[in-house]
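# Commentary on secondary and tertiary structure
Take a look at the letters that make up each chain.
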Amino acid sequence: MSERTVLPRYSRLATLRMYHVLGAERLPLAKALTLRALQLLCQGVLLALTLWAIQQLSVGAPLGAQEILVVSLVMTLLLLAQYLICLYALRITFDATQNVCRQLRDTLLTHLKTLPIGFFQNRGSGDLGNLFSVDLEMIEAFLTDGLANAMQGFLIPLMVLCYLLYLDPVLALAMILSLLAAVPVLIKINSRLSKLAAQRQDLQADAASRIVEFAIGAKVMRACGAKSLFQSKFDRALDDFCDVSLQLVAKLGYPMALFTTVVLIGVPMTYLGIALMWENHEGGDLIAVVFLLFSLYGPIRAVLAAAEVFRLASASLDRLWDVWSTAPMSQPSSPSRPAGHEIEFKDVCFSYCDNQPVLNGLSCRIPAGSMTAIVGASGAGKSTLLKLLSGFDLANIPSPDLADLMSIVSQDVRLFSGTLAENISLSCSEPDAANLRKAADMAQATQFIEALPKGFDTSIGENGAGLSGGERQRLTIARAIFKDSPIVILDEASSAVDSLNQNAFQRVLQSLRGKKILVVVT
């Protein structure tokens, strides 16, 4: 049975999209935010005690030794409580965030395994790699730091407002008006962030794709003297990314400064007007107000930082949704396996682009146990036919079952980091050593494998780093033989096999003939 991807619920609102991806970790994160609020409450009480002491001293009321001792003890306990609460909240937040990101990675990988091959041909490997790394790291940054900053930016002004209500309701009203006047600026910032953040994440993925492209094709580029061409492409991608990042700073710098100015200047200017009109405020009140205003600067910056991180995380989440929204290969409602292994095409038409057919009305029949050669000029559609054969959406056969029926040896060799045995036995988690060796013998790979220090347990790098082209090709042939599928497709599989092994390879094909369907492209 195929894996089913349980996708997070989609919403047009970015905040709701972020909420839906939290899944079972909503409660732990809510607990962590509650602890953060408790920590900020301790900070607010500490601030209130500091202001009380300042006011007492400003009006000439000396503090006694007992009062100083009590206040000092309370402040010490509050500082210790803040530290312990923050430590506990950080632990909960970290655990919940890691669980969320792990679930997102698992969901993304599970969904990718259900997508048609054509999806991967249109996406660069660097782009997909960015989804698992940079984009999820941006979501992680918002959950670990952004939420805490947003909480701080909301609660501290609220506590300052409550204190001002106690001190002077008119002054509290002045602060509310200043905050309301800054709201349109914050909305403008949010709008600009949404557009630039999405563009920034896409360009970052493009730059990453250029790096992966170079890593994969470094030998070819060096042999062809194309290093300067790659460098220019990478420089352009990096310049585009830097440009949009600078635009992000430049276009947001002025609104952010304006937002901070409206909030921080609005209250003292209003307070100054009230003081000039009524002149009934004590000096201690003025000191307290100035102290409170300066204490607002950090939380306001925290709000703006949280907004920026949230928009970047939202853009990353949109990139994940772009993959999740791609429809997987459909699966039959009543799956069944074919009674035989005969292959037949009837009036098959296919095109990569509209009005440009590659195959038009193709009909052919490949009997069980036969060997069929597909011959044609370059670009005639030979590889396309094989891709269709291995990736058809058949009415009654689930795609995993269809994959089990076929072994494919492509001209594009793909090996994975791990041991030689693991690369040969990809289709089996616990391979039999005798079958493993038999497959290597038939693929003429045993000789070079046993010459290696650890034989079948020798580790190789990505895509067979350290092996020759012929050795890599023979490993993929051994992989196909080991899978023991009834249909074997060979797309110019012997192109990298040296002349000494050509005859042996032909004997392998002859030994398989009559037992399996062999489809060979030459």
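Residues numbered from 1 in each chain as written. Predicted model: local features only at pLDDT ≥ 70, side-chain atom pairs only at ≥ 80, totals over all residues. Heavy atoms only, no water.

A few words now on the overall build of the chain. Per the secondary structure count, the chain includes 16 helices and eight strands. The burial tally for the chain puts 41% of its 522 residues in the buried class. In the form shown here, the chain has an accessible surface area of approximately 28,600 Å², with 60% of it arising from carbon and sulfur atoms. (Helix = DSSP H or I, 4+ residues; strand = E, 2+ residues; numbered from the N terminus. Buried < 20%, exposed > 50% of the residue type's maximum accessible area, 1.4 Å probe, protein only. Areas by Shrake-Rupley, 256 points an atom, 1.4 Å probe, with all protein chains shown as cover.)

Let us look at a nonpolar patch on the surface. On the surface, L173, I176, L177, L180 and V183 cluster together to form a nonpolar patch covering roughly 430 Å² of accessible area. Following the sequence through the fold, I176 ends up in helix α6 (residues 169–216). Taking relative accessible area as the criterion, I176 reaches 33% and is therefore assigned partly exposed. (Patch = residues over 30% accessible without salt bridge, like charges linked within 9 Å, V, L, I, M, F, W, Y side chains within 5 Å. Salt bridge = Lys/Arg side-chain N within 4 Å of Asp/Glu carboxyl O.)

Looking at the secondary structure, you find T144 in helix α5 (residues 125–167). In sequence terms T144 and I92 are 52 residues apart; their C-alpha atoms lie 9.9 Å from each other. Once residues lying within four places of it in the same chain are set aside, the contact partners of T144 are T93 and T97. Within the local environment of T144, its side chain forms a polar contact with the backbone oxygen of A141, the two atoms lying 3.3 Å apart. (Contact = heavy atoms within 4.5 Å. Polar contact = N/O pair within 3.5 Å; in protein donor to acceptor, adjacent residues only side chain to side chain.)

Take the packing of aromatic side chains next. All told, the structure shown has two aromatic pairs when counted by the stated rule. Between F142 and F310 the ring centres are 5.1 Å apart and the planes differ by 55 degrees, which places this aromatic pair in the tilted class. Here F142 is found in helix α5, whereas its partner F310 is found in helix α9 (residues 283–324), with 168 residues between them in sequence. Residue classification places F142 among the buried positions, given a relative accessible area of 8%. You can call F310 buried: its relative accessible area is 11%. Ring centres of W321 and W324 lie 5.2 Å apart, and the angle between their planes is 85 degrees; on these two criteria the pair is classed as edge-to-face. In this pair, W321 and W324 are both assigned in helix α9, three residues apart and thus about one turn of the helix distant. We note that W321, like W324, is buried. (Phe/Tyr/Trp six-rings, centres within 6.5 Å; stacked < 30°, edge-to-face > 60°.)

So, about the pairing of strand β7 (residues 487–491). Burial analysis of β7 places five of its five residues in the buried class, which makes it a mostly covered element. Of the two faces of β7, the one lined by I487, I489 and D491 and the one lined by V488 and L490 are each fully buried. As paired elements, strand β4 (residues 406–409) and β7 share four bridges and run parallel to each other. The partner of S407 across the bridge, within β7, is V488. Relative to strand β8 (residues 517–521), β7 runs parallel, the two sharing five bridges. Bridge pairing in β8 places V488 opposite L518. (Pairing = 2+ DSSP bridges.)

On to the pattern of salt bridges, then. Taken as a whole and assessed by the stated rule, the structure comprises four salt bridges. For the salt bridge of D318 with R17, the shortest nitrogen-to-oxygen distance reads 3.0 Å. One end of the pair, D318, is in helix α9; the other, R17, is in helix α1 (residues 14–22), with 301 residues separating them in the sequence. Here D318 falls in the partly exposed class, since its relative accessible area comes to 34%. Residue R17 is classed as buried on the basis of its relative accessible area of 6%. Note that D135 is salt-bridged to R319, the shortest N-O span being 2.7 Å. Of the two residues, D135 is situated in helix α5 and R319 in helix α9; the sequence distance between them amounts to 184 residues. Note on R319: relative accessible area 8%, which makes it buried.

Our next topic: helix α13 (residues 433–442). For α13, the set of buried residues is L436, A439 and A440. Across the axial projection of α13, the buried residues extend over an arc of 100 degrees, all falling on one side. Among the exposed residues of α13, those oriented more than 90 degrees off its buried face are A434 and K438. Against the buried residues of α13 lie α12 (420–424), α14 (446–450) and α15 (469–483). A side-chain oxygen of the first residue of α13 lies 3.1 Å from the backbone nitrogen of A434; this N-cap is D432. Of the residues trailing α13, Q444 is marked for its positive phi of about 60 degrees. (Arc of directions from axis to C-beta.)

Now for the side chain of N423. Along the chain, N423 turns up in helix α12. For N423, a relative accessible area of 2% puts it in the buried group. From its side chain, N423 meets the backbone nitrogen of F416 in a polar contact 2.8 Å long. In contact with N423, not counting residues within four places along its chain, are L415, F416, G418, I460 and R479.

This model, assessed by the stated rule, comprises three cavities of 30 Å³ or more. Looking at the largest cavity, its volume works out to about 90 Å³. Forming the walls of the largest cavity are twelve residues, and the residues nearest its centre are I477, A480, I481, V488 and L512. Of all the elements in the fold, those that place two or more residues in the lining of the largest cavity are α15, β7 and α16 (499–512). (1 Å grid on protein atoms, 1.4 Å probe; cavity = no way out; pocket = protein on both sides within 12 Å on 5 of 7 lines; lining within 4 Å. Points joined across faces, edges and corners; volume = space filled by probe spheres on them.)

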